[in-house]
Amino acid sequence: MNKAIVIESQSYQKSEVMIGHETLSVWPWSSWLPENAPVVMVVDPKLETQIEPLVSAIEKSRQAHMTVVPRTIAEHDKTLETVAALYRDFGKHRVTRDTVVVAVGGGVLTDLVGYVAATYLRGLRWIAVPTTLLAQVDAAIGGKVAVNTEFGKNLVGAFHLPAIVAIDTAMLSTLPLKEWRAGLGEVIKSALIAGGHLYEWVQQKQEPLGDLTPWWASVIAETAALKARIVQADLYEHNQRMFLNFGHTAGHALENYFGYGTLSHGEAVGLGTLVALSLSERVLGLRKAVREQVMGWLRQWGLPTKSQPFDPAKIYEIMAQDKKARAYGLQWVLLKDIGDPLVTRQVDSQQVMEALEEIQ
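Counting from 1, residues in each chain are numbered in the order their sequence is written. Only residues with pLDDT of at least 70 are given local features in this predicted model, and only at 80 or more are side-chain atom pairs given and counted; all residues enter the totals for whole chains, interfaces and linings. Here the side-chain values reflect all heavy atoms present in the structure, with hydrogen atoms and water set aside.

1. A word on the pairing of strand 5 (residues 126-130)
Of all 5 residues in strand 5, 5 are buried; the element is thus mostly enclosed. Burial of the side chains of strand 5 extends over both faces: Trp126, Ala128 and Pro130 are buried on one face and Ile127 and Val129 on the other. Note on pairing: DSSP must find at least two bridges between two strands before they are called paired. Note on conventions: DSSP H or I runs of at least 4 residues are helices, E runs of at least 2 residues are strands, and numbering of each starts at the N terminus. With 5 bridges joining them, strand 4 (residues 100-105) and strand 5 adopt parallel strand pairing. Bridge pairing in strand 5 places glycine 105 opposite proline 130. Handedness of the β-α-β unit built from strand 4, helix 4 (residues 107-119) and strand 5 comes out right-handed. Across 2 bridges, the pairing between strand 5 and strand 8 (residues 164-168) is parallel. Looking at the pairing, isoleucine 127 lines up with isoleucine 164 of strand 8. Whether a residue is buried, partly exposed or exposed follows from its accessible area with a 1.4 Å probe, protein chains only, as a fraction of its type maximum: under 20%, in between, or over 50%, in that order. Consider the strands pointing away from the viewer: the crossover is right-handed when the path from the first strand over the helix to the second runs clockwise.

Structure, rendered in structure tokens:
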């Protein structure tokens, strides 16, 4: 007699995104961190003086002990070798199943530490404290944690939501302009796929980088909220979460082609967005004025609208190995209109080559 035994699983993952200004030391860490739970913090060493209030707040929140692991992690360090080094750190500091991991830094650090938290001891509770524009509007939200391989960006990863994403916009006050630019690709992408208030704000004006004005505070909060809403509806990227990949198919390939760290993420996604908009014109009839407008935004914020020379055939080969590719080939997120994205496979290689040539 044949008998089927079925194991059903429900995901009880929950993630709370908190946004404030000068709030790191006053947020309720004692309720976020279980009583007597050990804490291991992985922190970008450049932030040691900035996070002293955070360290003091956590030390006062009834914790048994806290370990701080300083790690400088750039895009080219986002590898399994660095993961192994953090595993050794965790083993040396006797991290246990009830340890809470707190990742303090930019998007590269939260991606990598989140992956370590997802895999060490089969999964640890973790909290993301994003300190860059890229991390605050995108990378730290949604639980997609990953590392790069020689074949592409973020090819090894997991879905592991941070219990808390603690966004303190005051952390951006000392951010270098290049780090602001690294997050702009995500802001522009979000405005295009969402439309509404976010698009209107960016369309009406592009305020200078480096000054945390009320306009920037609103843009950051709305961009973060957009990602949170999309993740809430589609955690495992079966449907609308794919829209967040707009501009990333070509963008990630350019990052890989030139070597991680040569192009910032914002520069690569900006160029990838121009490719996606060009394809949207060819495939879906999108107005060319949209691409011209986005080129204006990129210039206003000091991002390139043209790339260094590259081999389009090689870029296409890299895209074919991207995590968004399928057995039947590439699928693209394109734009029918502002706020109206579409996932499609109806893009032939010649159209892609022509769109890539336009950014050289």
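Here the narrative resumes, following the displayed structure.
2. Side note on helix 4
To estimate how far a helix should extend, the number of its residues minus one is multiplied by 1.5 Å. A rise of 1.5 Å per residue sets the reference length of helix 4, with its 13 residues, at 18 Å; its end C-alpha atoms lie 18 Å apart and thus fit the reference within 8%. When we look at burial in helix 4, the residues that qualify are Gly107, Val108, Leu109, Thr110, Asp111, Leu112, Val113, Gly114, Tyr115, Val116, Ala117 and Ala118. One or two positions beyond helix 4, positive phi appears at leucine 121, with a value near 55°.

3. Describing helix 9 (residues 248-258)
Most of helix 9 sits out of view: 10 of its 11 residues are buried. Where helix 9 is concerned, the buried positions are His248, Thr249, Ala250, Gly251, His252, Ala253, Leu254, Glu255, Asn256 and Phe258. Note on helix 9: the residue one or two positions beyond its end, glycine 259, has a positive phi of about 100°.

4. Overview of the side chain of aspartate 138
Relative to the helices and strands, aspartate 138 resides in helix 5 (residues 133-139). Every residue in contact with aspartate 138, bar those within four places of it in the chain, is listed here: Glu186, Lys189 and Lys227. Whether two residues are in contact is decided by their heavy atoms, any of which lying within 4.5 Å being enough.

5. What about the pairing of strand 8?
Burial analysis of strand 8 places 5 of its 5 residues in the buried class, which makes it a mostly covered element. Going residue by residue along strand 8, you find Ile164, Ala166 and Asp168 tucked away on one face and Val165 and Ile167 tucked away on the opposite face as well.

6. A look at the packing of aromatic side chains
Pairing of aromatic rings covers Phe, Tyr and Trp, the last counted by its six-membered ring, and requires centre-to-centre distances within 6.5 Å; plane angles under 30 degrees mean stacked, over 60 mean edge-to-face, and any other angle means tilted. Applying the stated rule across the entire model yields 12 aromatic pairs. With a centroid separation of 6.0 Å and 55° between ring planes, the pair formed by tyrosine 199 and tryptophan 297 is classed as tilted. Residue tyrosine 199 is located in helix 7 (residues 196-204), and its partner tryptophan 297 is located in helix 11 (residues 288-300); the two are separated by 98 residues in the primary sequence. A residue is classified by how much of its surface remains accessible, and tryptophan 297, at 3% relative accessible area, is buried.

7. Here we look at the environment of arginine 287
Note that arginine 287 resides in the loop between helix 10 (265-284) and helix 11. Separated by 85 residues in sequence, arginine 287 and valine 202 place their C-alpha atoms 18 Å apart.

8. Concerning the pattern of salt bridges
If the charged atoms of two oppositely charged side chains come close together, the side chains can form a pair. Put simply, a salt bridge is a Lys or Arg side-chain nitrogen that is within 4 Å of an Asp or Glu carboxyl oxygen. One pass over the structure, following the stated rule, counts 19 salt bridges. The shortest N-O distance in the salt bridge between aspartate 138 and lysine 189 comes to 3.7 Å. Of this pair, aspartate 138 sits in helix 5 while lysine 189 is found in helix 6 (residues 177-194), placing the two residues 51 residues apart along the sequence. Here aspartate 138 and lysine 189 have matching classes, each one buried. A salt bridge links glutamate 317 to lysine 314; the shortest N-O distance between them is 3.6 Å. Taken as a pair, glutamate 317 and lysine 314 lie in helix 12 (residues 312-320) at a separation of 3 residues, close to a single helical turn.

9. Quick look at unusual backbone geometry
Its identity as a non-glycine residue notwithstanding, leucine 121 has a phi of 55°, on the positive side. Here leucine 121 is to be found in the loop between helix 4 and strand 5. When its relative accessible area of 34% is taken as the criterion, leucine 121 is described as partly exposed. Unlike most non-glycine residues, glutamate 237 shows phi in positive territory, near 60°. You can see glutamate 237 is positioned in the loop between helix 8 (214-233) and helix 9. Note on glutamate 237: relative accessible area 18%, which makes it buried.

Fair warning: the whole summary comes from geometry, so function is off the table for now.
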